[in-house]
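An overview of the molecular structure
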Amino acid sequence: MARRIAAGAAYGGGSVGLIGAATVGLVLAEVQLAKRHVGGGIAPVPPSADGRYGVAFAGPADPLRFVILGDSTAAGQGVRRAGQTPGALLASGLAAVAERPVDLRNVALPGARSDDLERQVSLVLADPTGTPDVCAIMIGANDVTHRIPATQSVRCLSTAVRRLRTAGAEVVVGTCPDLGTIEPVYQPLRWLARRVSRQLAAAQTIGAVEQGGRTVSLGDLLGPEFEANPRELFGPDNYHPSAEGYATAAMAMLPTLCAVLGVWPESDHLDVTRSEDMLPVAKAASQAAREAGTEVTAARAPWALLKHRRRRRLPAHTEPAHTEPTGTEPMDTEAADAGAAGPAGPETEPGSGPEPGATRRPA
């Protein structure tokens, strides 16, 4: 199914149906019931985290330029502090590993669907400071909830990845999260949401990898943890992640973000002891959608590398230093020291979440 969706996106095919007609009535009833429960709380407006991270590493080398695109998950909706957003977590982690300052710009928009990526990419490429070194994209959940045809979603994502790669930026895509983990969603909608989410995630992987990007599966990573700890990993609106949830996602994406820039200690060589393999792209995409934190990287067409990079805990402080957009010095010296700290603690195995105490509870 993922290959059919990706092929339809690439060659202009129409919608690929994922729901049988006999289940439509029941599904619509479940959707209305879920809407009355999901979002019952108030999701804070995402705080702006734009600015410079890792100022302690200032030196002759220019800062790395990092941009994050996507929807409310990429924007960090659901938390109140800039340092708890995925952009800030990834920027501070990248600065610590690369030992270089990182300039973050977040153009993600809450509520955005994949068709908004065209606008976001245009904003990024119009930046007079130049093309970013690396971009992270987190998109897909709103496409599922708004019943956007999967072929259209993948086509928009593939176009965005191609435009960024053509401009010279590296691209890492965090694929569609598993919507079957949302606590108020009941069966059979929960099963259907999980199936559709994973199919879209696999199709996104095919589209992004074929355009020269890398992907990291977020759905299967967060699913078990969200189900086991819904009060901790969901934010106050019962829909968006909490600070712990975002830290879990950022910890999964950081190794790939660093690897694509050549600053991660692990190479792209396969480690058979970690179930890594070279597979056809479609098969690698399907497997990645089911396995926690799995990276898919293009190899020699039509093959792809399936990687399980070792993850490390993020810096203990979740409020990294960042400068104002004007380029002024950071206001908080203690925060600056936090932004310069490197990843701490032992490495974790694939699929595991942050160990207790790795991140703070929301303020």
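Summarised in this report is the structure supplied together with it.

Side note on the nonpolar core
Counting 39 residues, the largest nonpolar core has Phe66, Leu94, Met253 and Leu257 as its most contacted members. Elements with a contribution of two residues or more to this core: strand 2 (64-70), helix 3 (72-75), helix 4 (86-98), strand 3 (102-106), strand 4 (134-138) and helix 11 (243-259). In this structure Leu257 touches Phe66, Leu90, Leu94, Val134, Ala136 and Val172, once residues within four positions along its chain are discounted. Core analysis: the next-biggest nonpolar cluster, separate from the first, contains 24 residues, Ala150, Ala193, Ala201 and Leu306 among them.

Section: the sheet that holds strand 7 (residues 277-280)
Read across the sheet, nine strands follow the order 1-3-2-4-5-6-8-9-7 without closing on themselves; strand pairing throughout is mixed. Strands at the two margins of the open sheet, each flanked by one partner only, are strand 1 (51-53) and strand 7. For this sheet the average axis-to-axis angle between neighbouring strands, irrespective of direction, equals 25 degrees. Both strand 7 and strand 9 (residues 303-307) contribute to a ladder of four bridges, which runs antiparallel. Bridge pairing in strand 9 links Met278 to Leu305. This element, helix 7 (residues 150-167), spans strand 2, strand 4 and strand 5 (170-174) of the sheet and lies at about 155 degrees to strand 5.

What about helix 5 (residues 117-125)?
The set of residues buried in helix 5 consists of Leu117, Gln120, Val121 and Val124. Projection of helix 5 onto a plane perpendicular to its axis shows the buried side chains occupying an angular sector of 95 degrees, all on one side. On its buried face, helix 5 is in contact with strand 2, strand 3, strand 4 and helix 7.

Some points on the side chain of Thr215
Counting through the fold element by element, Thr215 comes out in strand 6 (residues 214-216). According to the relative accessible area criterion, Thr215 is buried, its value standing at 1%. For Thr215, the side chain forms a polar contact with the side chain of Thr205, separated by 3.5 Å. If near-sequence neighbours (up to four positions away) are discounted, Thr215 is found in contact with Val173, Thr175, Gln204, Thr205, Ala208, Val209, Thr294, Glu295 and Val296.

A few points about the pattern of salt bridges
This model, assessed by the stated rule, comprises 10 salt bridges. Note that Arg52 is salt-bridged to Asp103, the shortest N-O span being 2.7 Å. Placement of the pair is Arg52 in strand 1 and Asp103 in strand 3, with a sequence separation of 51 residues. Salt bridges sharing common partners tie together Arg214, Asp268, Glu295 and Arg309.

About the criteria used
Residues numbered from 1 in each chain as written. Predicted model: local features only at pLDDT ≥ 70, side-chain atom pairs only at ≥ 80, totals over all residues. Heavy atoms only, no water. Core = buried A, V, L, I, M, F, W, Y, C linked by side-chain atoms within 4.5 Å. Buried < 20%, exposed > 50% of the residue type's maximum accessible area, 1.4 Å probe, protein only. Helix = DSSP H or I, 4+ residues; strand = E, 2+ residues; numbered from the N terminus. Contact = heavy atoms within 4.5 Å. Pairing = 2+ DSSP bridges. Axes fitted to C-alpha atoms, helices over the stretch in contact; angles between N-to-C directions. Arc of directions from axis to C-beta. Polar contact = N/O pair within 3.5 Å; in protein donor to acceptor, adjacent residues only side chain to side chain. Salt bridge = Lys/Arg side-chain N within 4 Å of Asp/Glu carboxyl O.

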